[in-house]
Amino acid sequence: MPESKGKTISEKILSAKSSTNAYAGDVVEAEIDYVMVNDITGPIAFREFDTLSCEPMRDKMILVPDHFVPNKDVPSAEQAKEMREFARKHRIENYYEVGRGGICHQVMIDEGFVAPGRLIVGADSHTCTYGALGAFSTGVGSTEAAACFAEGKLWFKVPESIKIKLSGGFQKYVSGKDLILKMIGDIGVDGANYKTLEFSGRGVGSMTVSDRLTVANMVVEAGAKAGIFPADKATDDFLRGTLRGRYEKVSPDKGAQYLTEREYDLSTLDYMVALPHSPGNVRPASEVQVPIDQAFLGSCTNGRIEDMRVAASIMKGKKVHPSVRMIVVPASTKVYRQVLQEGLIQIFTDAGAFVSGPTCAACLGGHMGVLAEGERCVSSTNRNFVGRMGHKNSEVYLAGPAVVAASALAGRIVVPNAVV
Amino acid sequence: MDQMKGRVWKFGDHVDTDQIIPAERLTSDNTDRLGLFAFGKIRPDFVKTVKAGDIIVAGRNFGCGSSREHAPRALKQAGVSCVVAESFARIFFRNSINVGLLPIECKVDADEGDPIRIQPDEGTIVNESTGKTFKFRQYPPFIKDLIESGGLMAKIREKGRCSR
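Summary of the structure given here. The shown structure was predicted, so the numbers you read here are calculated from the model rather than taken from an experiment.

**A look at the overall build of chain A**
Here is step 1: The helix and strand tally for chain A stands at 14 helices and 17 strands.
Here is step 2: Here the C-alpha atoms of chain A give a radius of gyration of 20 Å, agreeing with the 22 Å that 2.2 N^0.38 yields for 420 residues.
Here is step 3: Counting only C-alpha atoms, chain A reaches 60 × 50 × 40 Å along its principal axes.
Here is step 4: For chain A, buried positions account for 63% of its 420 residues.
Here is step 5: Across chain A, contacts joining residues at least 24 apart in sequence account for 77% of those joining residues at least 6 apart.

**So, the interface of chain B and chain A**
Here is step 1: On the chain A side, the residues contacting the 39 residues of chain B number 45 residues.
Here is step 2: At the level of elements, helix H1 (17–20), helix H4 (90–99) and helix H6 (152–159) of chain B are the ones that each hand at least two residues to the side of chain B that touches chain A.
Here is step 3: A per-element tally of the side of chain B that touches chain A places H4 of chain B first, with five residues.
Here is step 4: For the side of chain B that touches chain A, a count of residues per class yields twelve nonpolar, 14 polar and 13 charged.

**Section: the environment of Gly168 of chain A**
Residue and element names in this part refer to chain A.
Here is step 1: With respect to the helices, strands and loops of the structure, Gly168 is situated in the loop between strand S7 (161–167) and helix H6 (176–187).
Here is step 2: Note on Gly168: 15 C-beta atoms within 10 Å, which makes it partly exposed.
Here is step 3: Remark: the alpha-carbon pair of Gly168 and Gly188, spanning 20 residues in sequence, is separated by 24 Å.
Here is step 4: Apart from the residues lying within four places of it in its own chain, the contact partners of Gly168 are Gly203, Ser206, Asp265, Leu266 and Ser267.

**Examining the environment of Gly101 of chain A**
All names here are of chain A.
Here is step 1: Position of Gly101 among the secondary structure elements: in the loop between helix H3 (74–89) and helix H4 (104–110).
Here is step 2: With 26 C-beta atoms packed within 10 Å, Gly101 lands in the buried category.
Here is step 3: With 230 residues separating them in the primary sequence, Gly101 and Ala331 have C-alpha atoms 9.0 Å apart.
Here is step 4: The residues contacting Gly101, other than those within four sequence positions of it, are Val64, Asp66, Tyr96, Val107, Ser332 and Thr333.

**With respect to the sheet that holds strand S5 (residues 115–119) of chain B**
The strands making up a sheet associate through hydrogen bonds between their backbones, and the pairing can be parallel or antiparallel.
All names here are of chain B.
Here is step 1: The strand order across the open sheet formed by seven strands is S4-S3-S2-S1-S5-S6-S7, and the pairing between neighbours is mixed. Looking at which strands have only one partner, the edges of the open sheet turn out to be strand S4 (102–105) and strand S7 (133–135). The mean angle between the axes of side-by-side strands here comes to 30°, regardless of whether they run parallel or antiparallel.
Here is step 2: Of the strand pairs in this sheet, strand S3 (residues 82–85) and S4 are connected by four bridges, and their pairing is parallel. Considered in S4, the bridge of Cys82 is made with Leu102.

**Examining the packing of helix H2 (residues 42–49) of chain A against H3 of chain A**
Residue and element names in this part refer to chain A.
Here is step 1: Between H2 and H3, the least distance of the axes is 9 Å, while the angle of their chain directions is 45°. Of the possible angle classes, the one that applies to H2 and H3 is oblique. Crossing of H2 against H3: the hand is left-handed. Contacts between H2 and H3 pair Gly42, Pro43 and Phe46 from the former with Gln79, Glu82, Met83 and Phe86 from the latter.

Definitions and limits used
Residues numbered from 1 in each chain as written. Chains lettered and ligands numbered in written order. Predicted model: local features only at pLDDT ≥ 70, side-chain atom pairs only at ≥ 80, totals over all residues. Helix = DSSP H or I, 4+ residues; strand = E, 2+ residues; numbered from the N terminus. Rg over C-alpha atoms; globule rule 2.2 N^0.38 Å. Buried ≥ 20, exposed ≤ 12 C-beta atoms within 10 Å, placed from the backbone. Contact = placed C-beta atoms within 7 Å. Nonpolar A, V, L, I, M, F, W, Y, C, P; charged D, E, K, R; others polar. Pairing = 2+ DSSP bridges. Axes fitted to C-alpha atoms, helices over the stretch in contact; angles between N-to-C directions. Parallel < 35°, antiparallel > 145°, perpendicular 65-115°, else oblique. Left-handed = near helix turned anticlockwise from the far one by under 90°.

Next up, the structure:
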C-alpha cells in the first residue's frame, strides 16, 4: 500500500498503537491504553489471568463493580467479593467501590481514563461509548481482558469505516438517543457489523458531548466495533479538569477510504422509540402510544446529568401517572452528586419517582426494577431483547430521556409536547 | 482440526447473548454449570434434550448484544460442538475461539435434527439427511493459528510471552 493513502480515524489510531502502517482488513497487535472489567465479566478474567504466572499491567487496569451491586443476593455478593479480593491481591489501584464509582463506562469518563487517540478495551459491549471523545474503544471478552492484564496488548482486525455525515442541530428535547435509534432502524442490527461508524460534518459541533456519548454507546446495537466522533473544542472543554495524561486529537485524512456514507440532518429528526424485541424495531414515538407499567431513566446510555436535567424539566411540579413506577438511576457518583446539588432528586421525588444511587440496575434485568410477566417499560437504556429486563413475556421500549419522562407522567408512551 | 458430527438445532437471525444465557445467571457460582441455563427463556427444551456433539445452525448476526463470554461457554458446556451461522457478532466470534467453540461462517440448508458432518480442514459441511454439501471459507492465517493454539490464553502460555 502506498504510504500516502489517506486513513480513517480507526486506521490512524490502530496504526499508531501497533507501530505499523495499517489499513482496513489488516490484523495488528496493538498496545492498549486501558482495559476495564466489571463484576460480571471480571471474575472469569481473574480466573484466566491467575492461570498464568505473571505480573499484571496494573496501571492499565480498571475494575468497576456495577452490574449486580449493591450486591443483590449471595451469589452476586460472592462475585463482587472476588473482584475486591483480586484488586487487593494484585494491588490494582483503579478499583471503584460501591458508592465511589457507578456504571463502569461513566466511571471511565468521569475519572479521566478516556481521551482522543487512546485505544481502550473493556469486557463490556458498551465500551464503544468512548468513541464519543475520539478514542478507539471496543468490547472484548473476559479471556481477552485477562490477556490484556498480562500483556497490555491485543489483536485487532482494522475495521472498515462507514462515514456518517451530520448536519443541523436537534430540536428541543430531541437528542442523541433519537439519532442513534433512527440510525439502527435504518441500517439494521447488523448493518455496521465489524465496522466503525465514523461521524463527521457540522452537525457534530452542534451536539453536546453527552449526546455524542449516547450515540457512540449504542453503535454496538448496529453491530459496530466502534463509533468515533472527531475531537473538537467541546471535547477539550469536557476533558478539562478530569483528564489523566495528555492527548492529541486524531482527524481522518483527506482521501481516507469509506465503505459507504450516510447523511442525517439533526434538525429534521423526530422522537424515536425501539419497540420489542429489537433495538432495530424503530418507529416515531408519536405512533407508539402503548400504556406502560414502568419508566426507567438511567444506564450508560442515558444516565448522565444532561439526561437527568431534561427529565426533571419535564417532570417539575407534575406527578408520575398513578399506574406507573418511575425509577431514576444516575450513572455515577459524580452524576448523583450533581443531581443532588441541582435539586433534581427533589423534583423526581416530589413527582413520585424512585431515585437510587448509581448502578446498572434494571437495564439488564439484574435488580431494582425487574419486570413481571406482561409488564411494559419505557426505558432510556440500550437493549430490549426478549427477557432483557425480566420475565420473557415482558416488554421494553427504548427511548430518549424526554420521552421516558413524558411517558411516565402520561402513563403511556407520548412525545414531550403532550405533557409540557 | 477434527471432523465433527452432530444433530442440528436451528435458530434464526440475530440470536442475542441474553437469549443464550440471561443476565441473572451470570454469577461466579454458575461458571462451571452455565450449560444448564442455555436458551432457558426462549427454548426450555434445549437443555433437556441437547446431546454432546450437537451443532447449532443459525442465520445472521449470531451472538449479538452483550460481550458476556458466558454465552459461548454455556453452549460448550451444554455439549454443543460447533456453531454454524451465516454471520456472527464480532465479540461472540472472538470469545468462541478463546473458549474452544468453533464458529463457522456458512449458510447451510438443514432442518431441525438433521445429522451434519463438518470437516474444518476441507471447509465442508455435509447434511447427511439431504446429501447436500456446503463450502465455507478457510479462516485467515492469524485466526487459524489462534484456533489451533487453543485460544488466546494458550497462545500466551505457548510463547512464554508473559514471563517478564
